[in-house]
Amino acid sequence: MAIYREKDIFERRNAANEAKKALLERFKAKPAADDPAVLARQAERKAILEAREIREAEKARLKQEKQAREAAEKAERAAIAEAARLAAEAAAAEEARRREAEEAERIAFDLADEAARKAKRDARYAARKARVGRTPPGFSAR
């Protein structure tokens, strides 16, 4: 059974100093800016950035095309709806004119029929007056 022993301050300080030295050595061990590996990584990153820009430009172009296509479709739907509305208005106006013409024809027929009935009634009255042979008081002969 192992007993846990806490490190004293000297051991902790030595461990921290060693960690700092290791970091410094890793930093010093970095390759120079003109190292082929560094240049290759920079070229790779540049290629990745260029490819990303190309993809973003393509995406933006496709988005613009889609918006233009949707705007054209919307305008076409609006034109079709407007044409349908105008056709419906024209049909409604034609129906109203037809109804007005039918109503005028019916009124003319009713007036003619009423005039004919009045003429028949007047003829019957005149015939009755002729049979009786006299004019009732208060009536004048026409």
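It should be emphasised that the depicted structure is a prediction, and the values quoted were computed from it without experimental measurement.

A closer look at the overall build of the chain
- Scanning the chain for helices and strands turns up two helices and zero strands.
- Relative to the 2.2 N^0.38 estimate, which gives 14 Å for 142 residues, the radius of gyration of the chain is 54 Å and therefore markedly larger than a compact globule would have.
- Classification of the 142 residues of the chain by burial places 1% in the buried group.
- Accessible surface computed for the chain: about 13,400 Å², of which carbon and sulfur atoms make up 59%.
- Computing the positive centroid from 36 side-chain charges and the negative centroid from 28, the chain places the two 7 Å apart.

Points about the UniProt feature "coiled-coil region" (unreviewed entry) in the chain
- Here, the residues flagged by UniProt with the feature "coiled-coil region" (unreviewed entry) are residues 40-104.
- Span residues 40-104 is 100% helix and 0% strand, its end C-alpha atoms 95 Å apart.

Details of a positive patch on the surface
- Taken together, the side chains of Lys120, Arg121, Arg124, Arg128 and Arg131 define a basic patch exposed on the protein surface.
- Turning to its location among the elements, Arg124 is positioned in helix H2 (residues 36-132).

Let's talk about the pattern of salt bridges
- All chains considered together, the criterion is met by 12 salt bridges.
- Across the pair Arg99 and Glu95 runs a salt bridge, and its minimum N-O distance is 3.2 Å. Placement of the pair is Arg99 and Glu95 together in helix H2, with a separation of four residues, close to one helical turn.
- For Arg99, a relative accessible area of 54% puts it in the exposed group.
- Given a relative accessible area of 27%, Glu95 falls into the partly exposed group.
- Across the pair Asp113 and Arg117 runs a salt bridge whose closest N-O atoms are separated by 3.6 Å. Residue Asp113 and its partner Arg117 are both found in helix H2; the two are separated by four residues, about one turn of the helix.
- Judged by its relative accessible area of 35%, Asp113 falls in the partly exposed class.
- Classification of Arg117 by relative accessible area gives partly exposed; the value is 49%.
- Shared partners join several salt bridges into a network, and the residues in it are Glu95, Arg98, Arg99 and Glu102.

Criteria and cut-off values
- Residues numbered from 1 in each chain as written.
- Predicted model: local features only at pLDDT ≥ 70, side-chain atom pairs only at ≥ 80, totals over all residues.
- Heavy atoms only, no water.
- Helix = DSSP H or I, 4+ residues; strand = E, 2+ residues; numbered from the N terminus.
- Rg over C-alpha atoms; globule rule 2.2 N^0.38 Å.
- Buried < 20%, exposed > 50% of the residue type's maximum accessible area, 1.4 Å probe, protein only.
- Areas by Shrake-Rupley, 256 points an atom, 1.4 Å probe, with all protein chains shown as cover.
- Lys, Arg positive; Asp, Glu negative; His and termini not counted.
- Charge placed at Lys NZ, Arg CZ, Asp CG, Glu CD.
- UniProt positions renumbered as here; feature names shortened; annotations may be inferred.
- Patch = residues over 30% accessible without salt bridge, like charges linked within 9 Å, V, L, I, M, F, W, Y side chains within 5 Å.
- Salt bridge = Lys/Arg side-chain N within 4 Å of Asp/Glu carboxyl O.

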